[in-house]
Amino acid sequence: MSQLKCLICGMKIHPNTYDLNNYSFEEKNEKGKIINCPFCGVGKIYLDDEKGIYHVAHDTLDEESLKVLDHAMKLEVFNGEFYKEASYLAKDGEVRKLFKDLSNIEFMHARVHKRIGGFKELPKLHKPDYESRLNTDKLLLEEACKREEHAIAFYKKNSVRVCSDLVKEIFKALSDVEKQHENIADKYI
Ligand SMILES: [Zn+2]
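For every chain, the first residue of its written sequence is number 1, and the numbers climb from 1 along that sequence. In keeping with the predicted nature of the model, local features appear solely for residues at pLDDT of at least 70, side-chain atom pairs appear and are counted solely at 80 or more, and the whole-chain, interface and lining totals rest on all residues.

Colleague: Help me understand helix H2 (residues 93-117) in this model?
Modeller: What counts as a helix is a DSSP run of H or I of at least four residues, what counts as a strand is a run of E of at least two, and both are numbered from the N terminus. What a helix is expected to span follows from its residue count: subtract one and scale by 1.5 Å. In a regular helix each residue adds 1.5 Å, so 25 residues correspond to 36 Å; H2 covers 37 Å between its end C-alpha atoms and thus fits that length. Summarising burial for H2: 18 of the 25 residues are buried, a large majority. In the stretch just after H2, Gly118 is the one whose phi turns positive, near 65 degrees. Three exposure classes are used. Buried residues have 20 or more other C-beta atoms within 10 Å of their own C-beta, exposed residues have 12 or fewer, and partly exposed residues fall in between, all C-beta atoms being placed from the backbone.

Structure below.
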């Protein structure tokens, strides 16, 4: 049998990686029932064992689209870094695990944009001081909700600026993942 893979991030899903990042999902993957990509979080309509992964030739993208993709990549790295830091700062064990999984997923989103845009590497961003401002789990979770809301708004607003229907679809898929993150963070508050 051929291998199940994610058409958005390109990762292959093995029977022993099905439950990675499971804290980031409202409905979790189970053995024999994989409904989310464990790496980038997209829904099962993007998982397939035959189709080729979504390929966008970046030299067909105009300057405006590349600018949007660059911004999207930075936004995802910024959020991935935040969650990584938040996973150290949170006091509750479950919340720490949630943030760790969210960090993995956001970094994978950044890598999706990097591939589509043909960028050489992920950006190194200045790390803000979260510790003094976000000194409770509740504040960290509220910050998470704000960031997810912002990301959803970003994808919505910028989808009309990109010239490729495939990129628009990828934005929609990733935005749906962010919506799930917002719901989960909200539940923990
Ligand atoms: Zn994926």
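Colleague: Any chance you could explain the nonpolar core here in plain terms?
Modeller: If you look at soluble globular proteins, the nonpolar side chains tend to sit buried side by side. Within the largest apolar cluster, 44 residues are counted, with the highest numbers of intra-cluster contacts made by Cys6, Ile8, Cys9, Cys37, Cys40, Val42 and Ile170. The set of elements that each furnish at least two residues to this core consists of helix H1 (63-89), H2, helix H3 (137-159) and helix H4 (165-188). When buried Ala, Val, Leu, Ile, Met, Phe, Trp, Tyr and Cys residues are joined through C-beta atoms within 7 Å, the set is termed a nonpolar core.

Colleague: What exactly am I supposed to notice about the packing of H1 against H2 here?
Modeller: A pair of packed helices is captured by two measures, namely the crossing angle of their axes and the spacing between those axes. Running from N to C, H1 and H2 cross one another at 160 degrees; their axes reach a closest spacing of 8 Å. Considered as vectors, H1 and H2 are oriented roughly antiparallel to each other. As H1 packs across H2, the resulting crossing turns out to be left-handed. Here the term charged refers only to Asp, Glu, Lys and Arg, the term nonpolar to Ala, Val, Leu, Ile, Met, Phe, Trp, Tyr, Cys and Pro, and the term polar to all other amino acids, Gly among them. A breakdown of the residues in the contact of H1 with H2 according to their chemical character gives twelve nonpolar, seven polar and seven charged. For helices, the fitted axis covers only the stretch in contact; all axes are lines through C-alpha atoms, and the angles between them, taken along N-to-C directions, range from 0 to 180 degrees. An angle counts as roughly parallel when it lies under 35 degrees, as roughly antiparallel when it exceeds 145, as roughly perpendicular when it falls between 65 and 115, and as oblique in every other case. Note on convention: the crossing is left-handed when the near helix lies turned anticlockwise from the far helix by less than a right angle, right-handed when the turn is clockwise.

Colleague: I keep staring at the environment of Lys156 and nothing clicks. Help me out?
Modeller: As for its placement among the helices and strands, Lys156 is situated in helix H3. We classify Lys156 as exposed; it has 12 C-beta atoms within 10 Å. Note: C-alpha distance between Lys156 and Tyr54 (102 residues apart in sequence) is 20 Å.

Colleague: Looking at this model, I keep getting lost on the packing of H2 against H4. Mind explaining?
Modeller: Interhelical geometry of H2 versus H4 gives an angle of 170 degrees and a closest axis separation of 12 Å. As judged from the angle between their axes, H2 and H4 are roughly antiparallel. Note on element contacts: H4 touches H2 through Val167, Ile170, Leu174, Val177, His181, Ile184 and Tyr188, opposite Val95, Leu98, Leu102, Ile105, His109, Val112 and Ile116. By residue class, the composition of the contact of H2 with H4 is twelve nonpolar, two polar and no charged. By definition, residue pairs are in contact when their C-beta atoms, positioned from the backbone, come within 7 Å.

Colleague: Can you walk me through the environment of Gly10 in this structure?
Modeller: Within the secondary structure, Gly10 sits in the loop between strand S1 (5-6) and strand S2 (47-48). For Gly10, a count of 18 C-beta atoms within 10 Å puts it in the partly exposed group. Once the C-alpha coordinates of Gly10 and Leu47 are considered, the two residues, 37 residues apart in sequence, prove to be 9.4 Å apart. Among all residues touching Gly10, those that are not within four sequence positions of it are Lys5 and Ile53.

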